[in-house]
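Working through the structure, step by step
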Amino acid sequence: MDHTSPFDIPWLDPQLAPVLLVVLVLAVVGTTILFCCGVVAYSRRRSTRYLLITIVLGLLATRSVVGLGTAFGLVPMTIHHLVEHGLDFTIAVLILYAVYRSGPTNGTETDTERTSSELDDD
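Here goes a summary of the coordinates provided. It should be emphasised that the depicted structure is a prediction, and the values quoted were computed from it without experimental measurement.

Glancing now at the environment of Leu34. Tracing the backbone through its elements, the reader meets Leu34 in helix H1 (residues 17-45). A sequence separation of 24 residues divides Leu34 from Gly58, and the C-alpha atoms of the two residues are 8.4 Å apart.

Below is the structure:
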């Protein structure tokens, strides 16, 4: 693939190329900002929960960059699908794991009953 412009890619309607580019650029900028916020939050809290969230935000930023690379013809469509769906699965697993880890340690205790030091350990 030697395309350099999204307007020349056969699978993309030229009329929708500007819309796709705007959405992809906003996604890259937005997810990168969120990832940076996650890094700052993790550096302050240093907990497993914050690490998992930061990793997920980093994967979302990576996903957006792959999408932008595909629009510019730098990432082949097959690789795009493999990476994107692989990241979707990984993100879902990490979010579910973070939710699982943040639940009460026994069946009766709630987060409001736990001390702040116990919450930071999650």
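From this point, the narrative continues.
What follows concerns the packing of H1 against helix H2 (residues 48-71). Where H1 meets H2, the axes come as close as 8 Å, and the angle between the chain directions of the two elements is 160 degrees. When the axes of H1 and H2 are compared, the pair comes out roughly antiparallel. Handedness of the H1/H2 crossing: left-handed.

An ideal rise of 1.5 Å per residue puts 36 Å on 25 residues; helix H3 (residues 77-101) measures up with 36 Å between its terminal C-alpha atoms. Every buried residue belonging to H3 is among His80, Glu84, Leu87, Ile91, Leu94 and Ala98, and all of these are buried. Those residues of H3 that are buried are in contact with H2.

Criteria and cut-off values
Each residue is numbered by its place in its chain's sequence as written, counting from 1. Given that the model is predicted, a residue must reach a pLDDT of at least 70 before its local features are reported, and side-chain atom pairs must reach 80 or more before they are shown or counted; all residues, however, enter totals for whole chains, interfaces and linings. Side-chain calculation: all heavy atoms of the structure are included, whereas hydrogens and water are not. Elements are defined by DSSP. Helices are runs of H or I of four residues or more, strands are runs of E of two residues or more, and each kind is numbered from the N terminus. What counts as an axis is a line fitted to C-alpha atoms, over the stretch in contact for a helix, and the angles between N-to-C directions run from 0 to 180 degrees. When describing relative orientation, an angle under 35 degrees is termed roughly parallel and one over 145 degrees roughly antiparallel, while 65 to 115 degrees is termed roughly perpendicular and anything else oblique. By definition, turning the near helix anticlockwise from the far helix through less than a right angle yields a left-handed crossing, and turning it clockwise yields a right-handed one. For a helix, the expected span equals 1.5 Å multiplied by the number of residues minus one. Think of it in three bands: with a 1.4 Å probe and only protein chains considered, a residue is buried below 20% of the maximum accessible area for its type, exposed above 50%, and partly exposed in between. Contacts: residue pairs with any heavy atoms within 4.5 Å of one another.

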